[in-house]
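# Report on the structure
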Amino acid sequence: MSFPTEFWKRRLDELRAEYHVPGASLAVLADGTLHELASGVLNTATGVEVTPDSVFLSGSTAKIYTAVLIMQLVDAGKLGLDAPVVDVLPEFATPDPEATRRITVRHLLSHTGGVTNDFNYDSGRGDDCLARYVEAARSVPLDCKPGTCYSYGSLGYVVLGRIVEMLTGMTWDQALDEMVFQPLGLGHSMTLPEQALRFRVAMGHTAGSDPEPAPVWDVMPRSAGPYGRVITSAGDVARLATMLLDGGVGPDGVRLLSEEAVAAMQRPQVASPDKWTMSADSWGLGPALYDWDGVTGFGHDGSAVTQHSYLRVVPSAGVVVVLLCNGGEFGKLYADLVGELLAETAGVRMPPPFAPPASPPAVDMAALVGTYRRGGVEITVSERDGHARIRYEFIDGMKHFSPPIETDLTAVSPSVFAATGGPSGEDYTPVVFGSLADGTPCVYVSMRATPRVG
């Protein structure tokens, strides 16, 4: 049965309008054919329509691209996954000398090195931006000791990008273009804003029933590239994923990765304590990994100034789904549209959106109340008159980043709570309590581990 393109175009139009998403682009690989659809406008102020070749900011989905570059270097024998980072990048350091010696390439790919996600440092627009970022990051505290927990981090991917530069003699941007974009024929993929001006470019928008263009297109510095800035079309993301689906082989039989490297990327490295923020059950070497009632898959999510990307790959069905959005209640659009697509094309039943049960369980908060802190962030969990509360505050050098957020917590289980208000179009944000490998209690918000200090 052929893919019913007209039906899914209507469904995309209906759900996009229902959830006030100004514009969206959808790519689906099914039955060996790539289908590219588009709906809405790139910018409500200009009314320019989204087309399949329009480009969006993909946010953290960029991490998949950096992981591919790293695995190409592993294939070439230039890098070992379990090599200490300092062996290949002597400029790398943390405030903990022992941790610096222990952190490996594998740790950084799988978010188990303990490095933070909250170091937003502008190291300039020059070709030395990654080198300058890594130098500045030497004083940034770790979230936790290497190998003791999963803690989602972007700093580590800048370090990986710098490793690419050291071993190729190119900037990360040049390496990605020459080693991935060009061989795969990704003509609508780029890393620098000035390169995007040749194309129809999406603008992010505010939330609400009448979304307006965001005040800025992109706030990330150039050094964010390895973890957060690939500007691309939905079809090009799907073409990259198809290469991984095909065991590392691209168009015309060109091989970008060995089958062993592709398999390693999809092999679970660590379980995800928070299985809701990016829907991941575990993490591989770059991708998030999913288990839908025994059907496994991989992919990633990304956000950048109210633009958002979703990649889902189901190897057993040969299915790839990519959704790019530019604002609105994009999380609900993803849940409905991608959920329906995966059910129809791959027999996958995605879990329902995260929310507390109708009758929340009673939980003794005594062991969870306290102060949790990592570099730049302090989280306070309290209880008053039987009601649990959380306060999330940026501190120290991050104090200017955002005002404190304080909200109620509703129990989902003894260790999982729902905070009112979600950052990506959902109604609730997961707050997950756990412990590090050494037994230190911690709390996960947005997949970042924050140890308890009091």
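In this report, we go over the structure that sits alongside the text. Since this is a predicted model, take the numbers as computed values, not measurements.

Criteria and thresholds
- Residues numbered from 1 in each chain as written.
- Predicted model: local features only at pLDDT ≥ 70, side-chain atom pairs only at ≥ 80, totals over all residues.
- Heavy atoms only, no water.
- Pairing = 2+ DSSP bridges.
- Helix = DSSP H or I, 4+ residues; strand = E, 2+ residues; numbered from the N terminus.
- Expected span 1.5 Å × (residues − 1).
- Buried < 20%, exposed > 50% of the residue type's maximum accessible area, 1.4 Å probe, protein only.
- Axes fitted to C-alpha atoms, helices over the stretch in contact; angles between N-to-C directions.
- 1 Å grid on protein atoms, 1.4 Å probe; cavity = no way out; pocket = protein on both sides within 12 Å on 5 of 7 lines; lining within 4 Å.
- Points joined across faces, edges and corners; volume = space filled by probe spheres on them.
- Nonpolar A, V, L, I, M, F, W, Y, C, P; charged D, E, K, R; others polar.

## A look at the sheet that holds strand 10 (residues 307–314)
The pairing of strands in a sheet happens through backbone hydrogen bonds and is either parallel or antiparallel. What the eight strands build is an open sheet, ordered 2-1-11-10-9-8-7-6; its pairing is antiparallel. Each having just a single partner strand, strand 2 (33–40) and strand 6 (270–271) make up the two edges of the open sheet. With seven bridges connecting them, strand 9 (residues 295–304) and strand 10 associate as antiparallel partners. The partner of Asp301 across the bridge, within strand 10, is Tyr310.

## Considerations on helix 11 (residues 234–245)
Here helix 11 contains twelve residues, and its C-alpha end-to-end distance of 16 Å stays within 8% of the 16 Å for a straight helix at 1.5 Å per residue. Helix 11 sits mainly inside the fold: ten of its twelve residues count as buried. Buried within helix 11 are the following residues: Ala234, Gly235, Asp236, Val237, Ala238, Leu240, Ala241, Thr242, Met243 and Leu244. Where helix 11 ends, the next residue or the one after it, Gly247, has phi of about 75 degrees, a positive value.

## Digging into the sheet that holds strand 15 (residues 405–411)
Here we have eight strands laid out as an open sheet, ordered 12-13-14-15-16-17-18-19, and antiparallel in their pairing. If you trace the sheet from one side to the other, it starts and ends with strand 12 (370–374) and strand 19 (448–451), each paired once. Neighbour-to-neighbour, the strand axes of this sheet turn through a mean angle of 30 degrees, independent of strand direction.

## Some thoughts on the layout of surface pockets
For the second largest pocket, the calculated volume is near 210 Å³. Around the second largest pocket sit 13 residues that line it, and Asp177, Phe181, Ser189, Met190 and Gln195 are the ones nearest its centre. Of all the secondary structure elements, the ones that give two or more residues to the lining of the second largest pocket are helix 8 (172–184) and strand 4 (189–190). Take the lining of the second largest pocket: its biggest share by element is four residues, from helix 8. Along the lines of polarity and charge, the residues of the lining of the second largest pocket split into five nonpolar, five polar and three charged.

All quantities given are derived from atomic positions and should not be read as evidence of function.
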